[in-house]
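Secondary and tertiary structure notes
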Amino acid sequence: MTKLFQKKVEDFICEHCGEKVVGDGYTNHCPKCLWSKHVDVNPGDRSSSCQGMMKPIKVETEKGEYLLTFRCEKCGFERRKKVEKRDNFDEVLKIVKIMAEK
Ligand SMILES: [Zn+2]
Ligand SMILES: [Zn+2]
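A brief look at the structure comes next. Keep in mind the model is a prediction, meaning the values are calculated, not measured.

1. What to know about the sheet that holds strand β5 (residues 65-72)
Read from one edge to the other, the open sheet built from four strands follows the order β3-β4-β5-β6, with strand pairing classed as antiparallel. Each edge of the sheet is formed by a strand with only one pairing partner; in this case those strands are β3 (36-37) and β6 (78-82). With eight bridges connecting them, strand β4 (residues 53-62) and β5 associate as antiparallel partners. For Pro56, the partnering residue across the bridge sits in β5 and is Phe70. Across the face of the sheet, helix α1 (residues 89-101) comes into contact with β4 and β5 while running at roughly 80° to β4.

2. Observations regarding the environment of Glu73
Looking at where Glu73 falls in the secondary structure, it is placed in the loop between β5 and β6. Take Glu73: its relative accessible area is 54%, and that puts it in the exposed class. Spatially, the C-alpha atoms of Glu73 and Met53 are 5.7 Å apart, while their sequence positions differ by 20 residues. Non-local contacts of Glu73, meaning those with residues more than four positions away in its chain, are made with Trp35, Met53 and Lys55.

3. A short note on the coordination of the zinc ion (ligand 2)
Donor atoms from the polypeptide that bind the zinc ion (ligand 2) are His38 (ND1), Cys50 (SG), Cys72 (SG) and Cys75 (SG), placed at 2.0 to 2.3 Å. Coordination geometry of the zinc ion (ligand 2): the four donor atoms subtend angles of 105 to 117° at the metal centre, consistent with an arrangement described as tetrahedral. Donor residues for the zinc ion (ligand 2), ordered by position in the chain, follow H-x11-C-x21-C-x2-C. With Cys50 in the loop between β3 and β4 and Cys75 in the loop between β5 and β6, this residue pair connects regions lying 25 residues apart in the sequence.

4. What to know about the coordination of the zinc ion (ligand 1)
Looking at the zinc ion (ligand 1), one finds its protein donor set to be Cys14 (SG), Cys17 (SG), Cys30 (SG) and Cys33 (SG), positioned 2.2 to 2.3 Å from the metal centre. Given four donor atoms and angles of 106 to 112° at the metal, the environment of the zinc ion (ligand 1) is assigned as tetrahedral. Sequence spacing of the donor residues for the zinc ion (ligand 1), all on one chain, is C-x2-C-x12-C-x2-C. Here Cys17, found in the loop between β1 (12-13) and β2 (20-21), pairs with Cys33, found in the loop between β2 and β3; they are 16 residues apart in sequence, far enough to count as distant.

About the criteria used
Residues numbered from 1 in each chain as written. Chains lettered and ligands numbered in written order. Predicted model: local features only at pLDDT ≥ 70, side-chain atom pairs only at ≥ 80, totals over all residues. Heavy atoms only, no water. Pairing = 2+ DSSP bridges. Helix = DSSP H or I, 4+ residues; strand = E, 2+ residues; numbered from the N terminus. Contact = heavy atoms within 4.5 Å. Axes fitted to C-alpha atoms, helices over the stretch in contact; angles between N-to-C directions. Buried < 20%, exposed > 50% of the residue type's maximum accessible area, 1.4 Å probe, protein only. Donors = N, O, S within 2.8 Å, 3.2 Å for Na, K, Ca; no water. Tetrahedral: all angles 85-135°; square planar, octahedral: opposite > 155°, others 65-115°.

Structure (structure tokens):
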């Protein structure tokens, strides 16, 4: 496997669902299944060595916007991120439903 490092935009294959994701240089979560990867310490810096998969575990609303909380399956690190337009809203609603069932 060749590792390709690019400074800005990076495309990647989602390690959770296999979707090919076209990067925007910032987002590293999959718009289809919403899973992310623990690669950043600060958003976009790609300086974490963890590389664990980050599961979307919680949805909150704040000022009319949806916020997703991801938790790293490997180290437990949590990050909140705004739901973007291209994100799969069905998946967002699934998380809402799971939360409601708990
Ligand atoms: Zn995915
Ligand atoms: Zn981690």
